[in-house]
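# Chains, contacts and geometry: an overview
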Amino acid sequence: MSKKKKKKHQKKEGHNKLNEPRNKIQFKAKIILDTSEHSYKSYFFRRYGKYVRKFTHHGNRALKILGTFFMVIFLSLLTIFLFFGRDLPDVSKLKDISFAETTTIYDREGNILYSIYGEENRKYVPLKSISKDVVNATIAIEDKTFYHHLGFDVSGIIRAQLKNFEKESIRQGASTTTQQLARNIFLTPEQTYERKIKELLLAMQIEILFSKDEILEMYLNKIAYGSNAFGIE
């Protein structure tokens, strides 16, 4: 090829390069890009780094808000426990409490002549002597989560409070079996938030000191079943 033709050919090739679409040039640049791990990371952070930093910033803010929320809840509960728990009765004395029982008078042949009682007609019976059907029915109706909670039912409390706010008065209490036992033995039946908090604190202590079967036995022998009938027997 002559020098003249060669020069003309190089000039044409350079002109074609200048007219080559930009995306093709970028594509070629990507092809020759170093494919090392460092290069990939560098490319990722150059392109998406601002989004990562933004997400991290919002994540840290959310964690701070969440931490503050739980700290406020914890301090509030601690304050409530210290304030209302100072004058609570001693739950350990529950072992020594004897429920009022009916006095029964028999004749010489073992027939019942008289049953003498005051306000509570009761005969105390141990749990092992109580029908399993009665036990299961009581748990199903009164406290389905009895064997799983620690004296209170969080979902039940939330549901009851929403109902109370809706009605603008105390209509529901969501008391567990343990809370009912604590109320019947140590507290009054008045419907106040103060009594409810004390009931909750006592129930938690009862759960710590007594087994589930002991709690259930005391409950079944303590509660009223209508008129002067007290206790499951």
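Quantities reported herein were computed from a predicted structural model and do not represent experimental measurements.

## Re the overall build of the protein chain
Secondary structure assignment for the protein chain yields eight helices and two strands. Starting at the N terminus and ending at the C terminus, the protein chain contains elements arranged as α-α-α-β-β-α-α-α-α-α. Sequence separation of at least 24 residues holds for 60% of the intrachain contacts in the protein chain that already meet a minimum separation of 6. Within the structure as shown, the protein chain displays about 18,100 Å² of accessible surface, and the carbon and sulfur contribution to it stands at 58%.

## Let's talk about the environment of F146
Inspection of the secondary structure puts F146 in the loop between helix 4 (132-142) and helix 5 (154-167). Residue classification places F146 among the buried positions, given a relative accessible area of 0%. Residues F146 and L216, 70 residues apart in the sequence, show an inter-C-alpha distance of 9.1 Å. Here F146 is in contact with I139, T177, T178, K212, I215 and L216, once residues within four sequence places are set aside.

## Here we look at the pairing of strand 2 (residues 112-116)
As paired elements, strand 1 (residues 103-106) and strand 2 share four bridges and run antiparallel to each other. Bridging from a neighbouring strand, Y106 pairs with I112 of strand 2. In sequence, strand 1 turns back onto strand 2 through a hairpin of five residues, with G110 there showing a positive phi of about 90°.

Thresholds applied
- Residues numbered from 1 in each chain as written.
- Predicted model: local features only at pLDDT ≥ 70, side-chain atom pairs only at ≥ 80, totals over all residues.
- Heavy atoms only, no water.
- Helix = DSSP H or I, 4+ residues; strand = E, 2+ residues; numbered from the N terminus.
- Contact = heavy atoms within 4.5 Å.
- Areas by Shrake-Rupley, 256 points an atom, 1.4 Å probe, with all protein chains shown as cover.
- Buried < 20%, exposed > 50% of the residue type's maximum accessible area, 1.4 Å probe, protein only.
- Pairing = 2+ DSSP bridges.

Purely geometric numbers; function is a separate question.
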